[in-house]
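Descriptive analysis of the structure
The chain contents come next:
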Amino acid sequence: MGRYRKKPVVVDAILWTGLEEDLPEILEMVDFDSLPSDGVHVKPGIGFVPPHGTLDIPTLEGTMTAQPGDWIIKGVQGEIYPCKPDIFEATYEEA
């Protein structure tokens, strides 16, 4: 068995607060222009649930739900996914 170190990469990330006012920055990162008038569905598979502050995001593994306090990451191949704050803190540092 070999041992391997993760290659250093730089990713874009935004801390999701669960507040609608922070959606424009998320939408810009995921290449969407704006929310529709109902404020809920951003694109098939992506949605914002205001009462809970959750954000549903389609990922390579299926739809994942970001909770307030999670980080939204744009990976090296343009993929978008949520990351729990403790995992983010252990894995990433500011570039």
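You'll find the structure just up there.
Time to look at the overall build of the protein chain. A count of helices and strands for the protein chain gives 2 helices and 7 strands. The N-to-C order of helical and strand elements in the protein chain reads β-α-β-β-β-β-β-β-α. Considering only contacts within the protein chain whose residues lie at least 6 apart along the sequence, 37% involve residues at least 24 apart. Counting only carbon and sulfur atoms, one obtains 53% of the accessible surface of the protein chain, whose full area is about 6,900 Å².

Summarising the sheet, strand β4 (residues 54-59) and strand β5 (residues 62-66) pair through 5 bridges and their orientation is antiparallel. Bridge pairing in β5 links I57 to M64. Two successive antiparallel strands, β4 and β5, enclose a turn made up of 2 residues.

Right, let's talk about the pairing of strand β7 (residues 80-83) for a bit. As defined by bridge partners, strand β6 (residues 71-74) adjoins β7 across 4 bridges and the pair is classed as antiparallel. Paired with K74 across the two strands is I80, which belongs to β7. If you look at the hairpin formed by β6 and β7, you'll find 5 residues sitting between the two strands, and G78 has a positive phi there, around 85 degrees.

Bringing the side chain of D70 into the picture now. Inspection of the secondary structure puts D70 in the loop between β5 and β6. Overall, D70 belongs to the buried group, its relative accessible area being 3%. Engagement of the side chain of D70 in a polar contact is seen with the backbone nitrogen of Q67, the distance being 2.9 Å. A polar side-chain atom of D70 sits 3.1 Å from a polar atom in the side chain of K84. Beyond its immediate stretch of four places on either side in the chain, D70 contacts I14, L15, W16, T65, C83, K84 and P85.

In this description, a pair of aromatic rings is defined by centroid distance and the angle of the planes. Scanning the model with the defined rule gives 2 aromatic pairs in all. When the centroid spacing of 4.1 Å and the interplanar angle of 10 degrees are considered together, the rings of W71 and F88 count as stacked. Note that W71 is positioned in strand β6 and F88 in helix α2 (residues 85-91), a separation of 17 residues in sequence. What makes W71 partly exposed here is its relative accessible area of 22%. Ring-pair connections join several aromatic residues into one group, and the members of that group are W71, F88 and Y92.

Criteria and thresholds
- Residues numbered from 1 in each chain as written.
- Predicted model: local features only at pLDDT ≥ 70, side-chain atom pairs only at ≥ 80, totals over all residues.
- Heavy atoms only, no water.
- Helix = DSSP H or I, 4+ residues; strand = E, 2+ residues; numbered from the N terminus.
- Contact = heavy atoms within 4.5 Å.
- Areas by Shrake-Rupley, 256 points an atom, 1.4 Å probe, with all protein chains shown as cover.
- Pairing = 2+ DSSP bridges.
- Buried < 20%, exposed > 50% of the residue type's maximum accessible area, 1.4 Å probe, protein only.
- Polar contact = N/O pair within 3.5 Å; in protein donor to acceptor, adjacent residues only side chain to side chain.
- Phe/Tyr/Trp six-rings, centres within 6.5 Å; stacked < 30°, edge-to-face > 60°.

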